[in-house]
Amino acid sequence: MALEHLKDAARVIGLKQVRKAVQGGRAAAVFLADDADARITAPLAELCEVQNVPVERVASMAELGKACGIDVGAAAAALTQETR
């Protein structure tokens, strides 16, 4: 999955929402910002591995937020399997 799909696709943004989507089996792919605190992103990356959800790394929270169409940074985002 490519980062540019985030803006118009069904998605969730933020660590808590992404974690819920992964746990609920709704996440198709997860994006994590490399400059986010590893203490909070590492457990999510491990959960994704257990749940077989692909993880893509993004250079910065600002880049991930922009790709999601929001004006603030985001540590995590996920494409979901719902349709908009």
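Data block above holds the structure.
This text gives an overview of the structure that appears in the document.

What counts and what doesn't
Residues numbered from 1 in each chain as written. Predicted model: local features only at pLDDT ≥ 70, side-chain atom pairs only at ≥ 80, totals over all residues. Heavy atoms only, no water. Salt bridge = Lys/Arg side-chain N within 4 Å of Asp/Glu carboxyl O. Helix = DSSP H or I, 4+ residues; strand = E, 2+ residues; numbered from the N terminus. Buried < 20%, exposed > 50% of the residue type's maximum accessible area, 1.4 Å probe, protein only. Pairing = 2+ DSSP bridges. Right-handed = clockwise from strand over helix to strand, strands pointing away. Axes fitted to C-alpha atoms, helices over the stretch in contact; angles between N-to-C directions. Contact = heavy atoms within 4.5 Å. Core = buried A, V, L, I, M, F, W, Y, C linked by side-chain atoms within 4.5 Å.

Before going further, it helps to examine the pattern of salt bridges. All told, the structure shown has two salt bridges when counted by the stated rule. The salt bridge involving Asp34 is made with Arg57; its shortest N-O contact spans 3.9 Å. With a gap of 23 residues between them, Asp34 in the loop between β2 (27-33) and α2 (38-51) and Arg57 in strand β3 (residues 55-58) connect regions that are remote in the sequence. Where Asp37 meets Arg39, a salt bridge forms, and the shortest distance between an N and an O atom there is 2.7 Å. Accessibility expressed as a relative area gives 33% for Asp37, which makes it partly exposed.

Where β2 meets β3, four bridges bridge the pair, whose relative direction is parallel. What sits directly across from Phe31, in β3, is Glu56. As a crossover connection, the stretch from β2 through α2 into β3 is right-handed.

Within the element layout of this structure, Ala62 appears in helix α3 (residues 61-67). The exposure class of Ala62 is exposed, given its relative accessible area of 54%. When the C-alpha positions of Ala62 and Ala27 are compared, they lie 21 Å apart, and in sequence the two are 35 residues distant.

Looking now at the sheet that holds strand β4 (residues 76-80). Consider a sheet: its strands pair through backbone hydrogen bonds, and that pairing is either parallel or antiparallel. Strand order across the open sheet formed by four strands is β1-β4-β2-β3, with mixed pairing between neighbours. Edge positions in the sheet fall to β1 (11-13) and β3, since each has one partner strand and no second. The sheet shows a mean angle of 20 degrees between the axes of neighbouring strands, taken without regard to direction. Here β1 pairs with β4 via three bridges, running antiparallel. Note that in β4 the partner of Ile13 across the bridge is Ala77. With respect to the sheet, helix α1 (residues 15-23) is in contact with β1, β2 and β4, its orientation differing from that of β4 by roughly 35 degrees. Taken strand by strand, α2 contacts β2, β3 and β4, and its axis lies near 155 degrees from that of β2.

With that out of the way, let us pick up the nonpolar core. Leu3, Leu6, Phe31, Leu64 and Leu79 are the most contacted members of the largest nonpolar core, which totals 15 residues. Mapped onto this core, the elements with two or more residues apiece are β2, α3 and β4. Among the elements that take part in this core, β2 stands out by supplying three residues, more than any other. Counting 14 residues, the second-largest nonpolar core is a separate cluster that includes Ala21, Leu32, Leu47 and Ala78.

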